[in-house]
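# Residue-level structural notes
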Amino acid sequence: MTETTISRGNALPRIRPWLGIAAAASFVVASVMALFWAPTDAVQGNVYRILYVHVPLAWLAYLAFVVVFLASVGWLWTKNPLFDAIAVSSAEIGVLFTGLFLVAGSIWAKPTWGVWWTWEPRLVTTAIMFVMYVGYLLLRGLSTDFSRRATRAAVFGIIAVIDVPIVHLSVLWANSLHQLPTVLRAGGSPALDSAMLLTLMVSLGAYTLIYAYFMTSRVSLELARQVRLWTT
Amino acid sequence: MITSHRIALVAGRELRAERRQPDGVVAAVTFIAVLVLLESLVVGPQIAREADVAAALFWLALAFATILATMRSFDRELEDDALEGLVALPGGRDALFGGKVLSLAIVLLLVATVGGILSIVLLDLRIALPMHLLVVVLLGVLALPPIVVVDVVLALRLRARAALVPILALPVLVPQLVAATRGTSAALQGDAVGALSWAGLLFAFAVVYTVIGLTIVPAAIE
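As the structure is a computational prediction, the values presented were derived from the model and not from experiment.

Quick notes on the rules
- Residues numbered from 1 in each chain as written.
- Chains lettered and ligands numbered in written order.
- Predicted model: local features only at pLDDT ≥ 70, side-chain atom pairs only at ≥ 80, totals over all residues.
- Helix = DSSP H or I, 4+ residues; strand = E, 2+ residues; numbered from the N terminus.
- Buried ≥ 20, exposed ≤ 12 C-beta atoms within 10 Å, placed from the backbone.
- Contact = placed C-beta atoms within 7 Å.
- Rg over C-alpha atoms; globule rule 2.2 N^0.38 Å.
- Expected span 1.5 Å × (residues − 1).
- Core = buried A, V, L, I, M, F, W, Y, C linked by C-beta atoms within 7 Å.
- Nonpolar A, V, L, I, M, F, W, Y, C, P; charged D, E, K, R; others polar.
- pLDDT = per-residue confidence, 0-100.

In this section: the overall build of chain A. Each helix and strand in chain A was counted, giving seven helices and zero strands. Seen in sequence order, chain A has helices and strands lined up from the N terminus as α-α-α-α-α-α-α. Burial status across chain A gives 41% buried among its 232 residues. The contacts in chain A between residues at least 6 apart in sequence include a share of 77% that link residues at least 24 apart.

Attention shifts here to the overall build of chain B. Per the secondary structure count, chain B includes 10 helices and zero strands. Counting from the amino terminus, chain B carries its helices and strands in the arrangement α-α-α-α-α-α-α-α-α-α. Its C-alpha atoms give chain B a radius of gyration of 17 Å, near enough to 17 Å, the size a compact globule of 222 residues would have. Taking the principal axes of its C-alpha atoms as reference, chain B extends roughly 55 × 30 × 30 Å.

Take helix α7 (residues 130-143) of chain B next. Residues and elements named next belong to chain B. Taking 1.5 Å per residue as the helical rise, α7 with its 14 residues ought to reach 20 Å, and the 20 Å between its terminal C-alpha atoms agrees with that figure. Of all the 14 residues making up α7, 10 are buried; the element is thus mostly covered by neighbouring parts of the structure. Residues of α7 that are buried: H132, L133, V135, V136, V137, L139, G140, V141, L142 and A143.

Core analysis: the largest hydrophobic core is formed by 139 residues, its most contacted members being B:L62 and B:V136. In terms of residue count, helix α2 (residues 51-78) of chain A provides more of this core than any other element does, 17 residues in total.

Another point: the interface of chain A and chain B. Where interface size is quoted, it is often the accessible area lost as the parts come together. Tallying the contact residues gives 18 residues for chain A and 18 residues for chain B. Those elements that provide at least two residues to the side of chain A that touches chain B are α4 (121-142) and α5 (146-160) of chain A. Counting residues per element, the side of chain A that touches chain B draws most heavily on α5(A), which supplies eight residues. For the side of chain A that touches chain B, the residue count by class is 13 nonpolar, three polar and two charged.

Below, the discussion takes up the environment of B:L156. With respect to the helices and strands, the residue B:L156 is situated in the loop between α8 (145-154) and α9 (161-189). When the C-alpha positions of B:L156 and B:A220 are compared, they lie 9.8 Å apart, and in sequence the two are 64 residues distant.

This paragraph deals with unusual backbone geometry. All names here are of chain B. Even without glycine at this site, D124 takes up a positive phi of about 55 degrees. Looking at the secondary structure, you find D124 in the loop between α6 (92-122) and α7. Phi is positive for R157, which is not a glycine, with a value near 65 degrees. Looking at the element boundaries, R157 is found in the loop between α8 and α9.

The subject of this paragraph is α4(A). For α4(A), which comprises 22 residues, the first-to-last C-alpha distance of 31 Å matches the rise-based estimate of 32 Å (1.5 Å per residue) to within 8%. Those residues of α4(A) lying buried are A:P121, A:R122, A:L123, A:T125, A:T126, A:M129, A:F130, A:M132, A:Y133, A:G135, A:Y136 and A:L139.

Our focus in this paragraph is the confidence of the model for chain B. Residue and element names in this part refer to chain B. In this model, chain B carries a mean pLDDT of 86, and residues with pLDDT of at least 70 account for 98%. Across chain B, α7 holds the top mean pLDDT of 93, while helix α5 (residues 83-88) sits lowest at 72. With pTM at 0.84, the complex prediction returns an ipTM value of 0.81.

Encoded structure:
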């Protein structure tokens, strides 16, 4: 365990309260905008407002697993335990947000498609991504030696990230009930009303701050755990 | 000694070990034969003959057979304490991964041939494009082992390994299984363009995962 790692770990609690305040405030603003300010959808009515939860959750799932990938590369490259702490923290938060992403999608599917679940590419690939990272956490849980556990998890974290673009692009590759990308579209501006787009952007920012807050808390815990378990 | 020569040596050694003690091949072949027989009993002969269903069950069976054969291959190394010696050799880690992938692909080709003949005979399948089918099966057989070898290496010496390997491997194998199933179904039904498109995707997966495996797996072998 390096001293650098421990000192970085001690820096996190100073940032955390400010991140928490920023995350809570932006979440309140995003919720008010989503529920009261954004216009009602001409086709779906108010049901569409779940978009402001569903899309940020999807974004966080992608972000969390890309962070797992980058931290895994960092661990294999440097063997700095901070990277392992970041990888496990992001994987746990990613699994949580992917689970919520699936639940929110299911709640939206019932009034719009008439079913809670259907076997279409976006849903299935997302469920597979969820199972994949549950496997990642299982792999970590079954390993006892710190270095081996971190290395095994890092290798799997690098391989598993391939599912992230597959999930995002699955709606383009196969016939899908799920709507096509409306913000990150190839060759075009977002296909969304400007007020809706602004609300969505504020929601994305708020959820990203929540992710950052969770990460600082979880990384601090993991670094403390590493010191307790692996230096004694 | 260049890496490709070392890989060929490890693969040759694996195949000799498999010939002397063929329990991995026998288990995989028996497994796929039982599944082909069960298939027509469980879903009924009419549905089992449908190209999509027959292809899907064939590739699922082959995926599980790959896991069985790979785990048996590493078990043999662990039982004989041969893994440490192999890894200690210069370039041993790369050669171990490459050699295992190559030997498993050859073993799987045998298993796929037996399973394929059984499926064709027992389910009375009509093959519209035999050469296209051969290409899809060959590339499918090359696309499965890299991921399974990676996951077996990651789970080496862990408790609950038998449960962990399928949990890790099968979700990552989904794109390969979809491509292999669609390609096989297209070849059975006479869709040449479809079969070759899916075969191209299988080739891409085989190359990508082999390169990733050769790059990062040596770090995981301890």
